[in-house]
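Residue-level structure breakdown
The lines below spell out each chain.
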Amino acid sequence: MTIKKRKAYELEVIDLAFGGKGLAKPDGFPVFIDRCVPGDVVFAKITKKKKSWAEGKLIKILKESSLRTQGKCQYCNFCGGCKWQQIEYDRQLAYKKRHVTESMEHIGGIKDIRVNDVIGSDPIYEYRNKMEFSCSSKRWLLPAELENDEIKKGFGIGLHVPGTFDKVIDIKQCEIMPSLGNQILDDVRNFIKKSDLPAYHLRSHEGFWRFLMLRHSVAFDTWMVNIITKEKKINVVQQLATELAQNYPQIESIMNNITDAKSGVSTGKEEITLYGKDYIKEKLGKFIFKISANSFFQTNTKSCEKLYSKVSEYAALTGKEVVMDLYSGTGTIPIWLSDQAKMVVGIEIVKSAVIDAKFNAGLNGIENCEFFEGDIKDVLPKLKPKPDVMIIDPPRVGMHKDVVQQVLSISPEKIVYVSCNPATLARDLEMLHPKYDIKEIQPLDMFPHTYHIESVALLLKK
Ligand SMILES: C[S@@+](CC[C@H](N)C(=O)[O-])C[C@H]1O[C@@H](n2cnc3c(N)ncnc32)[C@H](O)[C@@H]1O
């Protein structure tokens, strides 16, 4: 069978591929199709055709796989938030483990590494402590809604159809956010609909309402509402804030971030506190953390505690070590390790995160953590005490190759590498491998119903 672009074919999905898509192989030619489960027979239209592979769009499931399960969410066949709800959770974990192992072998060229079974998330719904919803004046209609002439393409607030920046599904019930968040979302939707102000349009750059960010503290069961608008119209957003604060005593903070930036970012050029404090507090283990609207904080609080416990276990500190934490964010790992080490030094590029890290250390009465602001590749060579243990938790793109060389030249006895991207983990471990034994990798699920997987690797100097 010769696969051609824009043509549709009946295909049997035989596996799940890198990036979570279903894989069909008609006459050995790989075709990747989103939202499929191995065993499905589907009708798919080819949207992209390259020399050695193609991508297809699922049109219809002709025969359902016995591995398919009913997703809890009413939007799970359309929304970009979580695309794996149709796969049983245990099976999701098995695929994630294989993804880590295969990345090591195929990208890192490293074989025979011990990759443990994935530590699952508990809960697997209502686990996200932060959600960001986009506003649109012309919401995207679900197929069932298209059949109903009464439903109009008016204002919507929700999540994007995957791969699109302008198609917003009007989400009434998001299953991965704690349920009160859905009530707050609905109140904001109703307020905006009545407000006579349009949603921001990403092409014309006109309109007012941009995003709604909700943060939830698991430990204290409190909420932050962050309304992101293009302009400053205090009277309007203050009225919304007053209504929300009256309706929900659990809301501790209501912020307004204002930005006219053309890219779809939610960080304001100006930030105004409309109600309460400009942060909420969360607990990890026995430590308390301040989280501002724009701070980085791991999005699954319960899994984050398991992740940091694994970091502690691998670091196996005795109280005498100097520890260095590269990419330290708001200081959560240094603070977590503070009573297990002599000293912990964190390096982080975002100024506000470093300010939060110092504040968080003070909040917990910790005096043996120091934080440095700047790009690791500039800061690391200047820092004096040689670390016994290094923790490395880079963003998805992994480590800069200069930083890898700096780490190799400092060569601490032990490295604990935390990664949210198996591909860059494999690439970086390959570079560290000549000097380090990779003892084991522990994958850990922070993101149920998505193909994303967090991993912790233990490296010992040869
Ligand atoms: C995956 S987060 C880890 C944060 C923290 N370890 C945690 O668990 O919350 C990665 C952090 O690296 C920071 N970062 C990214 N590039 C950096 C660089 N070149 N130098 C220093 N920090 C950087 C980001 O701002 C972010 O806070």
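Residues numbered from 1 in each chain as written. Predicted model: local features only at pLDDT ≥ 70, side-chain atom pairs only at ≥ 80, totals over all residues.

In this section: the overall build of the protein chain. Within the protein chain, the secondary structure is distributed over 10 helices and 21 strands. Relative to the compact-globule value of 23 Å for 462 residues, the protein chain shows a C-alpha radius of gyration of 24 Å, a close match. Its C-alpha atoms give the protein chain principal-axis dimensions of roughly 70 × 65 × 35 Å. Within the span of the protein chain, comprising 462 residues, buried residues form 44% of the whole. Once local pairs closer than 6 in sequence are excluded, the contacts in the protein chain between residues at least 24 apart make up 62%. (Helix = DSSP H or I, 4+ residues; strand = E, 2+ residues; numbered from the N terminus. Rg over C-alpha atoms; globule rule 2.2 N^0.38 Å. Buried ≥ 20, exposed ≤ 12 C-beta atoms within 10 Å, placed from the backbone. Contact = placed C-beta atoms within 7 Å.)

Neighbouring the ligand are 17 residues; Y327, G329, I349, I376 and D393 lie closest to it. Secondary-structure elements contributing two or more residues to the shell around the ligand are α6 (332-337) and β16 (343-348). Across the shell around the ligand, the residue classes break down as 10 nonpolar, 4 polar and 3 charged. (Near = placed C-beta within 6 Å. Nonpolar A, V, L, I, M, F, W, Y, C, P; charged D, E, K, R; others polar.)

Moving on: the environment of L274. On the secondary structure map, L274 appears in strand β12 (residues 270-276). Sequence-wise, L274 and V225 are 49 residues apart; in three dimensions their C-alpha atoms are separated by 9.7 Å.

For strand β15 (residues 322-326), the buried fraction is high: 4 of the 5 residues fall into the buried class. Pairing analysis gives 5 bridges linking β15 to β16, with the strands arranged parallel. Along β16, the bridge assignment pairs M324 with V345. In the classification by handedness, the crossover that spans β15, the intervening α6 and the parallel β16 is right-handed. (Pairing = 2+ DSSP bridges. Right-handed = clockwise from strand over helix to strand, strands pointing away.)

If you look at the biggest cluster of nonpolar residues, it comprises 120 residues, and the most contacted ones within it are I33, V225, V311, I391, I392, V416 and A457. With 6 residues, the top contributor of residues to this core is helix α5 (residues 301-315). Among residues more than four places away in sequence, those in contact with A457 are Y417, L425, L429, I438 and I441. (Core = buried A, V, L, I, M, F, W, Y, C linked by C-beta atoms within 7 Å.)

Strands in a sheet are paired, the pairing made by backbone hydrogen bonds, and the direction either parallel or antiparallel. Read across the open sheet, the 7 strands follow the order β8-β7-β6-β9-β10-β11-β12; overall the sheet is mixed. Of all the strands in the sheet, just β8 (168-170) and β12 have a single pairing partner and so form its edges. Each strand axis lies, on average, 30° off the axis of its neighbour in the sheet, ignoring direction. Bridge analysis of strand β10 (residues 222-229) against strand β11 (residues 251-258) gives 7 bridges, and the strand direction is parallel. Within β11, the position partnered with I228 by the bridge is N257. Of the strands in this sheet, β6 (130-136), β7 (156-160), β9 (209-217) and β10 are in contact with helix α3 (residues 180-194), which crosses β9 at around 155°. Contacting β10, β11 and β12, helix α4 (residues 234-247) runs over the sheet at an angle of about 165° to β11. (Axes fitted to C-alpha atoms, helices over the stretch in contact; angles between N-to-C directions.)

Following both chains from N to C, one finds helix α1 (residues 89-106) and helix α10 (residues 422-432) inclined at 35°, their axes separated by 8 Å at the closest point. Handedness of the α1/α10 crossing: right-handed. Across the interface between the two elements, H99, V100, S103 and M104 from α1 touch P422, A423, L425 and A426 from α10. Taken together, the residues of the contact of α1 with α10 sort by class into 6 nonpolar, 2 polar and no charged. (Left-handed = near helix turned anticlockwise from the far one by under 90°.)

Read from one edge of the open sheet, 7 strands run β17-β16-β15-β18-β19-β21-β20, paired in mixed fashion. Of all strands in the sheet, those bounded by a partner on one side alone are β17 (369-373) and β20 (436-444). Taken over all neighbouring pairs, the strand axes of this sheet differ in orientation by 15° on average, direction set aside.

Attention now goes to the environment of N256. Tracing the sequence through the fold places N256 in strand β11. For N256, a count of 25 C-beta atoms within 10 Å corresponds to the buried category. Along the primary structure N256 and T229 are separated by 27 residues, whereas in three dimensions their C-alpha atoms are 7.2 Å apart. When residues no more than four places from it in sequence are discounted, the contact partners of N256 are I227, T229, V237, I272 and L274.

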